[in-house]
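So the chains spell out like this:
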Amino acid sequence: MHPWTLYALEVARDRQRDARNQRLVAELRAATPVERRWSLRRPAARVLAGLSRTTAAGVRRLDDCVADDLGRSLAPTK
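What counts and how
Residues numbered from 1 in each chain as written. Predicted model: local features only at pLDDT ≥ 70, side-chain atom pairs only at ≥ 80, totals over all residues. Heavy atoms only, no water. Helix = DSSP H or I, 4+ residues; strand = E, 2+ residues; numbered from the N terminus. Areas by Shrake-Rupley, 256 points an atom, 1.4 Å probe, with all protein chains shown as cover. Phe/Tyr/Trp six-rings, centres within 6.5 Å; stacked < 30°, edge-to-face > 60°. Buried < 20%, exposed > 50% of the residue type's maximum accessible area, 1.4 Å probe, protein only. Salt bridge = Lys/Arg side-chain N within 4 Å of Asp/Glu carboxyl O. Patch = residues over 30% accessible without salt bridge, like charges linked within 9 Å, V, L, I, M, F, W, Y side chains within 5 Å. pLDDT = per-residue confidence, 0-100.

**Q** Pulling in residues and values, what's your account of the overall build of the protein?
**A** Regarding its fold elements, the protein presents three helices and zero strands. Helices (α) and strands (β) of the protein occur, in sequence order from the N terminus, as α-α-α. Along the longest, intermediate and shortest principal axes, the C-alpha atoms of the protein span 95 × 40 × 10 Å. Of the accessible surface of the protein, which amounts to about 7600 Å², a share of 60% is contributed by carbon and sulfur atoms.

**Q** Requested: an account of the packing of aromatic side chains, with residues and values cited.
**A** Applying the stated criterion across every chain yields a total of one aromatic pair. Ring centres 6.2 Å apart and planes at 90° place the aromatic pair Trp4 and Tyr7 in the edge-to-face group. A residue pair is termed a helical-turn pair when its members lie 3 or 4 positions apart in one helix, as Trp4 and Tyr7 do in helix H1 (residues 3-31) at three residues. Given the relative accessible area of 61%, Trp4 is considered exposed.

**Q** For the pattern of salt bridges, give the residues involved together with the corresponding values.
**A** If you walk through the whole model with that rule in mind, you get two salt bridges. In this structure, Arg17 and Asp14 form a salt bridge, with 2.7 Å as the shortest nitrogen-oxygen distance. One end of the pair is Arg17 and the other is Asp14, both in helix H1 and three residues apart, which spans about a single turn. We note a salt bridge from Glu27 to Arg23, for which the minimum N-O separation is 3.3 Å. In this pair, Glu27 and Arg23 both sit in helix H1, four residues apart, roughly one turn of the helix.

**Q** Please give an account of a nonpolar patch on the surface that cites residues and values.
**A** The grouping of Met1, Leu6 and Leu9 at the surface amounts to a nonpolar patch, some 340 Å² of accessible area in total. Take Leu9: its relative accessible area is 39%, and that puts it in the partly exposed class.

**Q** Go over the environment of Leu48 with me, naming the residues and quoting the values.
**A** Along the chain, Leu48 falls in helix H3 (residues 41-74). Residues Leu48 and Asp14, spaced 34 residues apart in sequence, show a C-alpha to C-alpha distance of 41 Å.

**Q** Could you give me a rundown of the confidence of the model for the protein, with the residues and numbers involved?
**A** Segments scoring low in pLDDT should not have their predicted coordinates read at a detailed level. Per-residue pLDDT for the protein averages 85, and the proportion of residues at 70 or more is 92%. Element-level mean pLDDT values for the protein span from 62 in helix H2 (residues 34-38) up to 92 in H1.

This is the structure in structure tokens:
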């Protein structure tokens, strides 16, 4: 066989395999209930949002303290 023929056959097999894999993934997604896919995302998002709010509040408090200290250090002394 000519090398180009072998290459064409290999490319065709690769395309068939990719199409089969994509079809299987689509079937699995269709079989998975929507609630199940979201069951982990929402609680994780809520936990991360709470953590973000908590750290933001801590940073704001720290920023206020640093600003007060900086203001006191730059204030003219009597």
